[in-house]
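Summary of structural features
Here are the chains, one letter per residue:
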Amino acid sequence: MCATRTPESEAPVPTFRIAAQQLEKLPPCQASCPNSGDIRGWIGVIAQHEKNGLTIEQAYDEAWLRLAERNPFPATIGRICPHPCEDLCTRVDKDGAVSINAIERFLGDWAIERSLNLPVMPEQSWPESIGVVGSGPASLSFAYQMARRGYRVEVYDQHDVPGGMLRHAIPDYRLPREILDAEIERLLDLDISMAMNVDVGTTVTLEELRNRHALMFLGLGAQQGRRLGIPGEDGPGVVSGIDYLQERKTGPVSLTGRRVLVIGGGNTAIDAARSARRDGAIVSVVYRRSEAEMPAAREEIEAAKSEGVAFRFLLAPTSIVRSGRSIQHLEVQPMQLGEPDEQGRRKPVPVPGERQELPADMIIVAVAQAPDWHGMDKVVGSGDVLDASDEGRLAAGLWAGGDDRGAGLASAAIAQGRYAAEAAHAELRDLPRPVPDAARHPVEPGSVRTDYYAEQQRGDLPQRPAAAWLSDPEGEIALTMGEDQALAEAQRCLSCGLCFDCQQCFMYCNGAGFTRVEQTEPGKYFVLALEACEGCGKCIEICPCGYLEPRAE
Ligand code: SF4
Ligand code: SF4
Ligand code: SF4
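Report on the accompanying structure. Note that this is a predicted model, so its numbers are computed, not measured.

**A look at the site of ligand 1**
Close contacts around ligand 1 come from Cys33, Pro34, Ile39, Ile77, Cys81, His83, Pro84, Cys85, Ile100, Asn101, Glu104 and Ser411, and that covers them all. Taken together, the elements giving at least two residues each to the shell around ligand 1 come down to helix H5 (84-87) and helix H7 (100-113). No other element matches H7, which puts three residues into the shell around ligand 1.

**Topic: the sheet that holds strand E15 (residues 362-365)**
Note: strands within a sheet are paired through backbone hydrogen bonds, in either parallel or antiparallel orientation. Pairing within the open sheet is parallel, and its five strands lie in the order E7-E15-E8-E9-E10. With partners counted over all chains shown, the strands left at the sheet margins are strand E7 (238-240) and strand E10 (310-312), one partner each. Mean inter-strand twist for the sheet, computed between neighbouring axes without regard to direction, equals 25°. Bridge count for strand E8 (residues 259-263) against E15 is four bridges, and the pairing is parallel. By the bridge assignment for E15, Val262 is matched with Ile364. On top of the sheet, helix H12 (residues 241-250) reaches E7 and E15; it is set at about 85° to E7, its chief contact.

**As for the environment of Arg429**
Following the sequence through the fold, Arg429 ends up in helix H15 (residues 410-429). On the basis of relative accessible area, Arg429 is assigned to the partly exposed category, the value being 21%. Note: C-alpha distance between Arg429 and Asp403 (26 residues apart in sequence) is 28 Å. Once residues lying within four places of it in the same chain are set aside, the contact partners of Arg429 are Trp126, Glu128 and Tyr151. One polar contact links Arg429 to Glu128, side chain to side chain, over a distance of 3.0 Å.

**A look at the packing of aromatic side chains**
With the rule as written, the count across this model stands at nine aromatic pairs. Taken together, a centroid distance of 4.3 Å and an interplanar angle of 10° make the contact between Phe142 and Phe217 stacked. Of the two residues, Phe142 sits in helix H8 (residues 137-147) while Phe217 sits in strand E5 (residues 215-218), which places them 75 residues apart along the sequence. Across the pair, exposure class does not vary: Phe142 and Phe217 are buried alike. Linked through ring pairs, Tyr60, Phe106 and Trp110 together constitute an aromatic cluster. One Lys or Arg, Arg114, reaches over the ring of Trp110 and ends 3.4 Å from the middle of that ring. When the ring centre of Trp126 is taken as reference, the NZ or CZ atom of Arg429 above it lies at 4.2 Å.

Thresholds applied
- Residues numbered from 1 in each chain as written.
- Chains lettered and ligands numbered in written order.
- Predicted model: local features only at pLDDT ≥ 70, side-chain atom pairs only at ≥ 80, totals over all residues.
- Heavy atoms only, no water.
- Near = heavy atom within 4 Å.
- Helix = DSSP H or I, 4+ residues; strand = E, 2+ residues; numbered from the N terminus.
- Pairing = 2+ DSSP bridges.
- Axes fitted to C-alpha atoms, helices over the stretch in contact; angles between N-to-C directions.
- Contact = heavy atoms within 4.5 Å.
- Buried < 20%, exposed > 50% of the residue type's maximum accessible area, 1.4 Å probe, protein only.
- Polar contact = N/O pair within 3.5 Å; in protein donor to acceptor, adjacent residues only side chain to side chain.
- Phe/Tyr/Trp six-rings, centres within 6.5 Å; stacked < 30°, edge-to-face > 60°.
- Lys NZ or Arg CZ within 6 Å of the ring centre and 35° of its normal.

Purely spatial values, then, with no claim about function.
Dropping the structure here:
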């Protein structure tokens, strides 16, 4: 049967007009933070504290609470995250990105000094007992998110102190142990208990734990260094980056005068290289791509250079040549950069017919790490990581997150722990699943009018003198900014995609469409009455942060 078509001349003429609307957008900093931190939100509490009747001290407390909703370790992550959030900050091309990571660290230290308590959900308690294997960032984030929702959580770990790789691998000069201790200690004020020295697979089986708890989370980490797979690798003098870093956390290691080559370009490689310098070695990092492709944080690479670490780029190891059992040199293949790979990094390809020899006494291999699947036979599939859903669900009552799912960064591990807890709680309580932040409308490029905001250079972050590492090798080099600098940095935020009370729309509206709300808070300063909107579009044009936009009615 044919449908009867209305002649075009008889079709109803659409009657709509363009009106302004207020629409909160996802800012680029949040979109690029692995933990999807509400950066604009907690910075806005500080930057706009006077408008909202808060003293600066109240604002710092409040900002920390907002930050800690998603990240219970701001002092830790504020020291170690390579801050991809800053790379895409809208301010980056104007006068430098907002120092998000440094403000995060400042707030973390602020909360430790004042013994602030973590934010919990409204008083409630649920009967299900939750078990967690591992005590690294993913596990502790999951434990925190479940405990603050009213569950009793027991964490099992094979070590005698919690913290996973944060404790056992990150050098003290980047993350002092008392900072990590303080942030873990605070978790124990919630209903979380730690069963240490429990090796799942030896002391207890995973099946026993699953019978003991209504729901389990696996945050196994990735503590096994991958091998190069080249001749000469087996034998003394070759160690994985992660093993070397763990060893020097248990006591002093002396490498005085030894020639150490560190293979790799990530943060573990740079940690190993800087640590080996502190242990007295002559250190070179060998990387098969160029410096531009190194995944390690820029400031870590610069710090390594200032401490005397040499870099040898575009060289791929081919064999370790020994004299007897001692290492003589590393044979390397010179490379050149070819086409970009699937991650957009240019692939290294061999330069035909060339070989070089790099003299060495010790080789630290820091190319990648893998989980130890010991005790996990029944849940491990055929891949390198656990085959879980995006939320982290492995099976009924079994969830996972962190490096066993390929998280890579501690902030990504914290996010995976949180996502799993949010989804597991929704499943247990039969609630709707949380909506991912990525589903929100992003700030469109160019919609923030950077010319509206006054020029204000990014402040230099406080540092000890570069040579301080010689006199106090395990002391921190980067320092925490002071209160005045934290406030000044927060006030550089452009509040991309959310109202910050500049009042331009209020002043320029032809139809008096904007009314100030009585109880203001960051992002909530005016309501817009659509019936008063004349559709002139002036407010949309003038709003500097891209919060207002047209809507067809
Ligand atoms: S966790 Fe990392 S990416 Fe996220 S806000 Fe902190 S520094 Fe930025
Ligand atoms: S200016 Fe502020 S809201 Fe915009 S990207 Fe930077 S930190 Fe985020
Ligand atoms: S013009 Fe100013 S006050 Fe109005 S919505 Fe935009 S940021 Fe808020």
